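Chains, contacts and geometry: an overview
Given next are the chains, with one letter for each unit.
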Amino acid sequence: MKNRLQTNALESEAIYIFREVIAQFDRPVLLFSGGKDSITLVRLAQKAFFPAKIPFPLLHIDTGHNFPETIAFRDALVAELGLELIVRNVQQTIDAGKVIEESGRYASRNTLQTTTLLDAIEEFKFDACIGGARRDEEKARAKERIFSVRDDFGQWDEKNQRPELFDILNGKIENGQNVRVFPISNWTELDVWNYIEAENMAIPSIYFSHLRKVFIRDGLIWSHADFVYQEKDEVTEERMVRFRTVGDMTCTAAVESEAHTLQEVVNEIRQSTISERGARIDDKRSEAAMEKRKQQGYF
């Protein structure tokens with residue numbers, strides 16, 4: 001009963017935030033990765049505006065190195081709900097010479113997608129970008145407000161954010177600025193999974209245990225793929241794994257697991273002693289990796 005009451009309160013808060021976005025901004029968009037958090041945002045948006053359709057598009061910044069299961073799920077969800085989907089590709093940003101493809105042992109397109117995102121925001125003149133960041137994910141995200149202002153270069157100044165008292169959200173911005181909106185900022189990873197279980201929501205199959213070709217590096221389980229750098233002595237093997245977080249395949253580690261159902265996943269998360277971001281390889285580049293990316297315009 002306690003968990004359900006907490007879930008209801010979090011849901012109500014998120015619905016309120018969605019409605020404030022529509023009330024205060026002209027061109028909002030929901031940033032969609034195909035992961036559990038953005039899928040949860042879609043369900044919350046459905047509830048916020050029911051029986052009408054979700055009144056803003058979804059934007060996916062495709063690195064070209066995504067899990068195919070995630071892309072298939074994205075397309076099926078959009079078709080089922082009749083949503084507008086905008087896709088912009090990091091490869092086009094590379095081809096245009098705006099960013100340089102990384103190479104070597106830890107090469108990833110995760111950082112490169114910042115430029116693609118900022119270009120898309122400028123292209124469509126989005127003034128509010130809704131995302132699924134949570135304060136329990138990474139310490140830089142704990143500094144965010146629910147309405148987090150970005151300057152006209154898309155950059156974030158964590159020392160220049162507005163107070164948010166008594167659920168009063170201030171969406172007033174200057175020309176060129178935009179706001180990143182975090183409706184599930186007060187949720188935890190476990191809150192998201194409890195909500196998915198309570199709502200019996202469909203999610204990509206990679207969140208459940210499955211047999212996958214992988215290799216081990218730095219104590220982490222990396223996916224084997226043509227575009228994932230792999231040393232000759234890093235042996236490819238098959239293991240039963242699943243993913244706690246979904247991102248670019250080059251920077252998202254798997255975890256060994258036998259969780260095949262939502263209930264088993266929830267129980268596994270409850271017992272875990274490692275944070276969700278512990279499986280994000282890109283966060284390990286430096287102590288302040290996430291904060292630096294956010295300052296540059298990363299979500």
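Scope of this entry: the structure provided in the associated data block. (Residues numbered from 1 in each chain as written. Predicted model: local features only at pLDDT ≥ 70, side-chain atom pairs only at ≥ 80, totals over all residues. Heavy atoms only, no water.)

1. Topic: unusual backbone geometry
With omega at 10°, the peptide bond leading from phenylalanine 50 into proline 51 counts as cis. Mapped onto the secondary structure, proline 51 falls in the loop between α2 (36-49) and β2 (58-62). Positive phi values are uncommon outside glycine, yet lysine 125 reaches one of about 55°. In this structure, lysine 125 sits in the loop between α5 (113-124) and β4 (128-130). Even without glycine at this site, aspartate 218 takes up a positive phi of about 55°. Among the structural elements, aspartate 218 can be located in the loop between β7 (210-217) and β8 (220-223). (Helix = DSSP H or I, 4+ residues; strand = E, 2+ residues; numbered from the N terminus.)

2. Here's the deal with the sheet that holds strand β5 (residues 147-150)
Sheet strands associate in pairs through backbone hydrogen bonding, adopting either a parallel or an antiparallel arrangement. Read from one edge of the open sheet, six strands run β3-β2-β1-β4-β6-β5, paired in mixed fashion. Of all strands in the sheet, those bounded by a partner on one side alone are β3 (85-89) and β5. Between one strand axis and the next, the sheet turns through 30° on average, direction left out of account. Relative to β4, strand β1 (residues 28-31) is paired through three bridges, and the arrangement is parallel. Considered in β4, the bridge of leucine 30 is made with isoleucine 130. In the packing of helix α3 (residues 68-81) onto the sheet, contacts are made with β2 and β3, and the angle to β2 comes to roughly 165°. (Pairing = 2+ DSSP bridges. Axes fitted to C-alpha atoms, helices over the stretch in contact; angles between N-to-C directions. Contact = heavy atoms within 4.5 Å.)

3. Digging into the pairing of strand β9 (residues 237-242)
Relative to β9, β7 runs antiparallel, the two being bridged by five bridges. Looking across to β9, one finds that arginine 212 is bridged to arginine 239. Inspection of the sheet shows β9 paired to strand β10 (residues 255-256) by two bridges, in the antiparallel sense. When the sheet's bridge partners are listed, arginine 242 is paired in β10 with valine 255.

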